[in-house]
Structures are given as structure tokens and as C-alpha cells.
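Chain by chain, the residues run as shown.
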Amino acid sequence: MNILVTGGAGFIGSHTVVALTEAGFRPIILDDFSNSEKSVLDGLEQITGSKPTTYAENCHNRETLRRIFKEEKIEGVIHFAAFKAVGESMQKPLEYYDNNLGSLIVLLQTMLECGVSNLIFSSSCTVYGEPDELPVTEKTPVKPASSVYGNTKQIGEEILHDTIEAGNALKIISLRYFNPIGAHPSAAIGELPRGVPSNLVPFMIQTAAGLRESLTIFGDDYPTPDGTCIRDYIHVLDLAEAHVAALQFLLKKDVSGYYDIFNVGTGRGASVMELIKSFEQVAGVPLNYKLGPRRSGDVTAVYADVQKCTEQLGWKAKRSMQDALADAWRWQLAITAQR
Ligand code: UD1
């Protein structure tokens with residue numbers, strides 16, 4: 001069964017291509033490579049044994065989508081393609097709204113036109129803001145977004161909800177990702193941030209590899225046991241497998257219109273300090289880090305209640321934070337050796 005994966009050359013997208021292939025689907029990538037590398041396709045070939053069919057085009061284009069839906073007999077779409085840099089989104093709001101929401105609207109319209117009915121949308125735990133209670137369930141209130149990026153995820157969810165409320169024949173799931181980390185254990189694919197990484201694990205492994213001088217911990221005066229922020233770090237392959245579970249659930253669902261939201265995390269919160277200590281243990285190298293001020297926009301703590309996903313999708317995270325850190329480190333060593 002052919003599944004279109006927009007943004008399939010990206011970090012989560014490429015791992016989902018692997019998970020889909022392993023589950024017997026045929027993933028077809030649509031990616032304009034504006035924030036990913038063509039070498040990802042070689043990594044995918046190394047893991048799965050064949051290069052996935054790839055359209056190196058932008059998914060904001062109605063004609064492109066029409067053509068792929070017809071040529072490839074697509075039965076479902078996993079829509080990753082989006083801009084995702086929180087800081088940049090504040091500088092370039094129109095680019096973010098246009099790219100992230102414009103492409104979603106065109107995709108929905110073209111799916112309806114071509115009779116493609118199953119869709120999985122990448123949302124984010126960022127919609128919960130600073131939550132009043134932990135862990136967060138899907139019923140935890142959504143807070144006003146603190147970034148344009150976060151707002152594109154909230155509005156994206158609203159667009160999907162309203163599309164189904166209006167009676168359109170689509171089955172849609174939004175997955176609210178917590179913090180994806182790690183890489184494929186083969187070290188053939190992983191995260192490839194461009195420039196200075198803003199996320200914790202990419203910065204950490206680049207520091208350990210000697211590419212950056214030191215990691216700054218953004219604040220140790222939060223009201224948490226060790227003063228550093230708490231997040232729910234999930235292995236990217238677990239997250240990838242959640243997409244397969246969601247897709248299988250949608251394919252079995254015998255209704256014409258459906259929309260729901262699922263948290264995808266491990267259910268366990270870990271602090272920045274815990275992550276650093278685990279990394280040092282797993283990698284067997286000391287990490288050069290220092291304390292710095294808080295980063296604006298960071299929430300104190302957020303981690304998932306995963307009951308809904310476990311009960312309805314039959315999915316739960318299998319890999320530990322240590323597994324994810326070991327895989328991320330192996331990946332960093334592999335790319336450092338190549339360059
Ligand atoms: C961020 C985004 C979120 C997005 C996610 C994945 C914000 C507010 N949120 O999540 O919307 O979905 O990335 O792209 O940006 N940290 C340090 N030092 C560093 C980097 C990070 O101490 O050099 C800390 C942060 O303060 C935070 C934790 O590490 O407590 C995780 O940070 P990060 O990896 O950037 O993810 P989030 O901010 O949780």
C-alpha cells in the first residue's frame with residue numbers, strides 16, 4: 001500500500017519511512033530538500049535495501065500533489081513537511097504561516113479532490129504551553145501559543161477539526177510529539193541540523209564530538225528537583241512506529257469522517273541534568289557544560305500521559321532514553337568520521 005510521506009527526508013520523516021517499510025507499506029517521499037540532505041536517501045537504501053521513490057518537489061503545490069496521487073495510487077498521507085525553528089518563526093511569521101498552513105490547506109483540498117482519505121498530521125506538545133497539571137492528557141487545555149511555529153501547529157489542528165466537523169470524508173489523526181531524540185541504530189540516518197543546533201541533544205553530541213566548545217544549560221533555577229527543565233524525550237524510532245500504528249488504526253476505521261488527537265511520548269519526564277549525566281555514562285565521555293540563564297519561551301516541565309495512545313492505537317514506546325542517547329552518539333561519530 002502506497003503512503004505519501006511529505007518531508008520524508010527529514011529527521012522524523014526518514015525514520016518513519018523505515019518503520020513504514022518494515023511494516024509492509026511502500027512509502028513515497030515528497031521533499032524539497034530545503035532543510036534535509038539527499039544523502040538521507042542513501043542511508044534509507046542501506047537500511048531498507050532499496051531507495052524509496054522520491055519526488056524532490058515542494059508539497060505546497062496543488063499540481064504536484066494531484067500528479068503524485070494519480071501516478072502512485074496513494075492511500076494515505078503522513079504530513080511532516082513544515083518549518084520548525086521556533087526562533088526563526090518569530091522573524092519570519094508570514095513564511096511560517098504560508099508554508100506550514102498553506103501547504104496543509106492545499107493538501108486537504110487535493111486529498112478530497114483525488115479521494116485520498118487517510119492523513120496523519122505532525123503536531124507538537126508545544127500546544128500545551130506551561131501546563132497546569134502533569135502529565136498532560138489530550139484533554140489538558142491548549143494554551144495560547146508562545147511562538148509563531150507553535151501557533152501554526154495549533155491552527156493546523158483547528159483546520160483539521162473544522163474540516164471534519166463540516167462533514168468531509170477524511171480520516172485524520174494529529175500526533176502531538178514530545179521531544180524526539182536518537183537516530184537509527186545502524187547510524188545510517190539521524191538528525192542533520194543545519195548551522196548551530198538549537199535543540200538539546202544535537203548540541204550535546206556536537207559538543208562531545210569537539211565541534212562546539214561547551215553546552216550551556218538554560219537555567220537551573222526552575223521549580224524542579226534539580227532546577228533544570230523537564231521534558232519527555234522519546235526515541236525517534238518509537239515515534240516513527242507510532243505513525244505506523246496510527247495509520248493502521250485509520251485504515252481499519254470504518255467511518256467516513258474522523259478526527260482525533262494523540263500524545264506521543266514515553267510518559268516519563270527527564271531533566272536537562274539527567275540527560276547530561278545519562279549521556280556521559282552511555283557515551284563514556286565527559287561533557288563540557290556550563291550553567292547559563294533561562295531561555296525565553298521555555299516551559300518548566302511537560303511530559304505525556306500516554307494512556308490514550310496505548311489503549312486505542314496499541315502503541316507504546318519501547319526504547320529507553322539511554323538507547324536513544326547511545327544511538328544519537330553513534331550517529332554523531334559516524335558523520336564526524338565522514339567529514
Ligand atoms: C523545542 C520547541 C518545540 C519543538 C521542539 C522540537 C521551544 C520553546 N520549543 O522544544 O516547540 O517542537 O523543540 O523541535 O523552543 N536546552 C539547554 N541547552 C541547549 C538547548 C536546550 O539547556 O543548548 C534545554 C532547554 O532549555 C529545554 C531542553 O533543553 O529545557 C530541551 O530543549 P530543546 O531540545 O530545544 O526542546 P524544547 O525547547 O523542549
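The rules behind each value
- Residues numbered from 1 in each chain as written.
- Predicted model: local features only at pLDDT ≥ 70, side-chain atom pairs only at ≥ 80, totals over all residues.
- Heavy atoms only, no water.
- Near = heavy atom within 4 Å.
- Polar contact = N/O pair within 3.5 Å; in protein donor to acceptor, adjacent residues only side chain to side chain.
- Helix = DSSP H or I, 4+ residues; strand = E, 2+ residues; numbered from the N terminus.
- Nonpolar A, V, L, I, M, F, W, Y, C, P; charged D, E, K, R; others polar.
- Phe/Tyr/Trp six-rings, centres within 6.5 Å; stacked < 30°, edge-to-face > 60°.
- Buried < 20%, exposed > 50% of the residue type's maximum accessible area, 1.4 Å probe, protein only.
- Lys NZ or Arg CZ within 6 Å of the ring centre and 35° of its normal.

Enquirer: Sorry if this is basic, but what is going on with the site of the ligand here?
Expert: Surveying the vicinity of the ligand reveals 19 residues, the closest of which are L200, T216, R231, R295 and D298. At 3.4 Å from an oxygen atom of the ligand is found a side-chain nitrogen or oxygen belonging to Y149. Between the ligand and the protein, one listed contact pairs an oxygen atom with a side-chain N or O atom of D298 at 2.6 Å. Per-element accounting of the shell around the ligand gives the leading share, four residues, to strand 8 (residues 215-218). Per-class residue counts for the shell around the ligand are nine nonpolar, seven polar and three charged.

Enquirer: Looking at this model, I keep getting lost on the packing of aromatic side chains. Mind explaining?
Expert: The geometry of an aromatic ring pair is captured by the separation of the ring centres together with the interplanar angle, meaning the angle of the planes. The tally for this structure, following the rule as stated, stands at five aromatic pairs. Ring geometry for F83 versus Y96: centroids 5.2 Å apart, planes at 55 degrees, classification tilted. With a gap of 13 residues between them, F83 in the loop between strand 4 (74-79) and helix 4 (86-91) and Y96 in helix 5 (residues 93-114) connect regions that are remote in the sequence. Its relative accessible area of 1% is what places Y96 among the buried residues. The interplanar angle of 55 degrees and the centroid separation of 5.9 Å between the aromatic rings of F249 and Y258 together place this pair among those described as tilted. Grouping aromatic residues by their ring pairs yields a cluster made of F249, Y258 and F262. In this structure, R212 packs its charged tip against the face of F203, placed 5.9 Å from the ring centre. Above the plane of the ring of F262 lies K308, whose end atom (NZ or CZ) is 4.9 Å from the centre.

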